[in-house]
Amino acid sequence: MVRQQFLLVTVGSVVGLVAAVVAGPSIAIAAGGGCTVAEQIVGQCDPPQAHGSIDGGGVNIGATQEVPGSAPRSGDDAAASDSSSGDSNGTTGSSSFPDAGFVNIAPLWNVITCQAPDPCANPTVRLSDLINFRAPVPTTSMEPNGWAVVGLDANFVAGAAVDVQSGTLLRLPAQVRFTPAGFSWDYGDGAKRTSADGGASWAKRGIPEFSPTPTSHAYLRTGSFTVQIGVSYTAEYRFANQNWQQIPGILNMQAPQFAVVVGDAKTVLVGRDCVANPRGPGC
Amino acid sequence: MPMLTHRLLAAGSASLLAVGILAGCAPAAPTPTHTPAATQSPMFASDADALKAATDAYAAYLKMSDTIAHDGGKDPERIKPFVTGAQLAQQLRGFEVFSKDGLRSSGDTRFDTVSLQRWTQRGDGLVEVDLYMCTDVSDVRVLNSTGTDVTPGTRIDRLPIQIALQSQTTSGRLLLARSDSWSGNNFC
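Once a new chain begins, its residue numbering starts again from 1 and follows that chain's sequence as written. Chain A is the first chain written and ligand 1 is the first ligand written, with later ones labelled in order. Per-residue local features are limited, in this predicted model, to residues with pLDDT of at least 70; the limit for side-chain atom pairs, both in listing and counting, is 80 or more; totals at the level of whole chains, interfaces and linings are taken over all residues.

### Quick notes on the overall build of chain A
Then comes step 1: Helix and strand content of chain A: 4 helices and 16 strands.
Then comes step 2: Sorting the 283 residues of chain A into buried and exposed places 40% on the buried side.
Then comes step 3: Residue pairs in contact within chain A that sit at least 24 positions apart in sequence constitute 69% of those at least 6 positions apart. Secondary structure elements are taken from DSSP: a helix is a run of H or I of four residues or more, a strand is a run of E of two residues or more, and numbering for both begins at the N terminus. Exposure is read from a count of other C-beta atoms within 10 Å of each residue's own; the residue is exposed at 12 or fewer, buried at 20 or more and partly exposed in between. C-beta atoms are placed from the backbone. Here contacts are defined at the residue level, using C-beta atoms placed from the backbone and a cut-off of 7 Å between them.

### Some remarks on the overall build of chain B
Then comes step 1: Helix and strand counts for chain B come out as 3 helices and 7 strands.
Then comes step 2: Beginning at the N terminus, the succession of helices and strands in chain B can be written as α-β-α-α-β-β-β-β-β-β.
Then comes step 3: Residue burial in chain B is summarised as follows: out of 188 residues, 36% are buried.
Then comes step 4: A sequence separation of at least 24 residues applies to 66% of the contacts in chain B between residues at least 6 apart.

### Focus on the nonpolar core
In globular proteins that are soluble, nonpolar side chains generally tend to be buried together.
Then comes step 1: Note on terminology: a nonpolar core is any set of buried Ala, Val, Leu, Ile, Met, Phe, Trp, Tyr and Cys residues joined through C-beta atoms within 7 Å. Among the nonpolar cores identified, the biggest contains 42 residues, and Ile41(A), Ala54(B), Tyr58(B), Val129(B), Ile163(B), Leu165(B) and Leu176(B) are the most heavily contacted of them.
Then comes step 2: Counting only elements with at least two residues in this core, the list comes to helix H3 (37-41) of chain A together with helix H2 (47-70), helix H3 (85-101), strand E3 (110-121), strand E4 (126-136), strand E6 (158-168) and strand E7 (175-181) of chain B.
Then comes step 3: Counting residues per element, this core draws most heavily on H2(B), at 8 residues.
Then comes step 4: Excluding residues within four positions of it along the chain, Ala54(B) makes contact with Val129(B), Leu131(B), Leu165(B) and Leu174(B).
Then comes step 5: Ranked by size, the runner-up nonpolar core spans 37 residues in total, among them Leu130(A), Ala148(A), Trp185(A) and Val231(A).

### Regarding H3(B)
All names here are of chain B.
Then comes step 1: How far a helix is expected to stretch is found by multiplying one less than its residue total by 1.5 Å. For H3, which comprises 17 residues, the first-to-last C-alpha distance of 26 Å matches the rise-based estimate of 24 Å (1.5 Å per residue) to within 8%.
Then comes step 2: What we call the bend at a residue is the angle made by axes fitted to the seven residues finishing there and the seven residues starting there. The sharpest bend along H3 measures roughly 30 degrees and falls at Phe 95.
Then comes step 3: Here H3 has its buried residues at Gln 87, Gln 90, Gln 91, Gly 94, Phe 95 and Phe 98.

### What to know about the pairing of strand E11 (residues 172-186) of chain A
Residues and elements named next belong to chain A.
Then comes step 1: Strand pairing is assigned whenever DSSP identifies at least 2 bridges connecting the two strands. Pairing of strand E10 (residues 163-169) with E11 involves 7 bridges; the strand directions are antiparallel. Its bridge partner lying in E11, Gly 167 is registered against Ala 174.
Then comes step 2: As consecutive antiparallel partners, E10 and E11 are separated by 2 residues, and within that stretch Leu 170 has a phi angle of approximately 50 degrees, a positive value.
Then comes step 3: Bridge analysis of E11 against strand E14 (residues 223-239) gives 12 bridges, and the strand direction is antiparallel. Note on E14: the bridge partner recorded for Pro 180 is Tyr 233.
Then comes step 4: As judged from the 4 bridges shared by E11 and strand E12 (residues 192-195), these two strands associate in the antiparallel manner. Looking at the pairing, Trp 185 lines up with Arg 193 of E12.

### Quick look at the confidence of the model for chain B
All names here are of chain B.
Then comes step 1: Residues of chain B with pLDDT of at least 70 account for 77%, and the chain-wide mean is 80.
Then comes step 2: By definition, pLDDT measures how confident the predictor is in each residue, and it falls between 0 and 100. Counted against residues more than four places away or in other chains, residues 1-30, with its pLDDT under 50, gives 40 contacts.
Then comes step 3: Among the scores for the predicted complex, ipTM is 0.76 and pTM is 0.51.

### Describing unusual backbone geometry
Trans peptide bonds make up the majority, and among non-glycine residues the majority have a negative phi.
Then comes step 1: A cis amide bond links Glu143(A) to the next residue, Pro144(A), at an omega of 0 degrees.
Then comes step 2: Within the fold, Pro144(A) resides in the loop between strand E7 (139-143) and strand E8 (147-149).
Then comes step 3: Even without a glycine there, the phi angle at Asp75(B) is positive, about 50 degrees.
Then comes step 4: The residue Asp75(B) is located in the loop between H2 and H3 in this model.
Then comes step 5: Residue Asp75(B) is classed as exposed on the basis of its 11 C-beta neighbours within 10 Å.
Then comes step 6: Look at Thr113(B): it is not a glycine, yet its phi comes out positive at around 50 degrees.
Then comes step 7: Position of Thr113(B) relative to the elements: it lies in strand E3.
Then comes step 8: When the 15 C-beta atoms within 10 Å are taken as the criterion, Thr113(B) is described as partly exposed.

### Brief notes about the environment of Thr179(A)
Residue and element names in this part refer to chain A.
Then comes step 1: Position of Thr 179 among the secondary structure elements: in strand E11.
Then comes step 2: What makes Thr 179 partly exposed here is the crowd of 14 C-beta atoms within 10 Å.
Then comes step 3: Here the alpha-carbon distance between Thr 179 and Leu 251, two residues 72 residues apart in the chain, equals 9.8 Å.
Then comes step 4: In this structure Thr 179 touches Val 162, Tyr 233 and Thr 234, once residues within four positions along its chain are discounted.

### Details of the environment of Gly94(B)
Then comes step 1: Mapping Gly94(B) onto the fold places it in helix H3.
Then comes step 2: Along the primary structure Gly94(B) and Gly73(B) are separated by 21 residues, whereas in three dimensions their C-alpha atoms are 8.9 Å apart.

### Details of the sheet that holds strand E13 (residues 217-218) of chain A
Residue and element names in this part refer to chain A.
Then comes step 1: As summarised here, the arrangement of the 3 strands in space is E7-E9-E13, forming an open sheet in which the pairing is antiparallel. A strand with exactly one partner marks an edge of an open sheet, and here the two such strands are E7 and E13.
Then comes step 2: In this sheet, strand E9 (residues 153-159) lies alongside E7 in antiparallel orientation, the contact comprising 5 bridges. Along E9, the bridge assignment pairs Thr 139 with Gly 159.

### Some points on the environment of Arg118(B)
Residue and element names in this part refer to chain B.
Then comes step 1: Secondary-structure assignment places Arg 118 in strand E3.
Then comes step 2: Assessed through the 20 C-beta atoms surrounding it within 10 Å, Arg 118 is described here as buried.
Then comes step 3: Residues Arg 118 and Leu 131, 13 residues apart in the sequence, show an inter-C-alpha distance of 7.2 Å.

As structure tokens, then:
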């Protein structure tokens, strides 16, 4: 059986984009969702459907679009390129195996496979893209800074706010919104808790130092303890300026661990200020 | 007549410009540019003239597109005088859903928020005018063969697009060459 294959591989999205634009109407034009007014009227200009999922410490947003294409002409190799890769959040992409009758276009590798007897005549163009957004790491602090006294509350505070990140997917705007949903506290001595918020400093709460707070902890023994604070995010995504969509699941991000040195303290009666009179009674 | 100091856009500079456009330049406040060739008389005396000519041409195209859609996609070749040869196939394909599914439209498509991106006059006589605009089909309903309204509920009524109209300086008539969804922020 005679099988004629045309394999056109384009590497480098910028080169491909430039060629696509210079070449004029081509497969690449469809990547932007180009459609006629008649197609808009019947709802065929709608953006491709995207899907979001939680992946490790971030969120993946992917989209695939199938659009009619035109036959590549001689010299149009690069015109099949999609430029949708590349953004500050680390867009990823991979080559895709061509299916019969389809032209697969992924961000970094673009492969066109056409078979005889009708090579590349009016193929369907399948555009795929994937973008990954990393959830922000919470900030942490404690007071007193790095130490605590046995039996007295040390106050721990975590910072995490709603974070919206933007990128492009199939040349259309994509956004992810991370919203803190809860905090977890591991004080390193076996005590753990969860809370709805990240706490606040004593000063901000307007209470004296060493006062108990919803996120404070009183250690019962001396030693060095490793504290681990985490935040749970819910995530939503928005694609092509459409409505926000909730992504199922919770995303847990851990702040860098830090050590707390817990010491002992004794209360004694002294005659005067021990700083001013270090040899005074009780000093 | 203004001095013609700019030469034909070379492929390299055109490419860089195109990259800039597709990389997300905001269309909110575009700076119109035009590049007439050194050996040609400019087709338009001003950016305003270019904008008006392109707007009129697009309005004429839109009127015929609506007429064909009102007729259920019948005789779609009527769009031919309003589009370039390269654009014709896409236009005909767009009308197929009407004729194939027995649909027709009622109401007229509108457009607004028109702004001139640039106009270019090449040495070979080709003139291209690029515009940003919003197409609005909110007044257009899709009806099936029994007259029932089957307009898709999820349809995007207002769509930001960028279009290109081209003509030969000898003919002077601008034809729709490209129409692409704007991939940046939605300005509609």
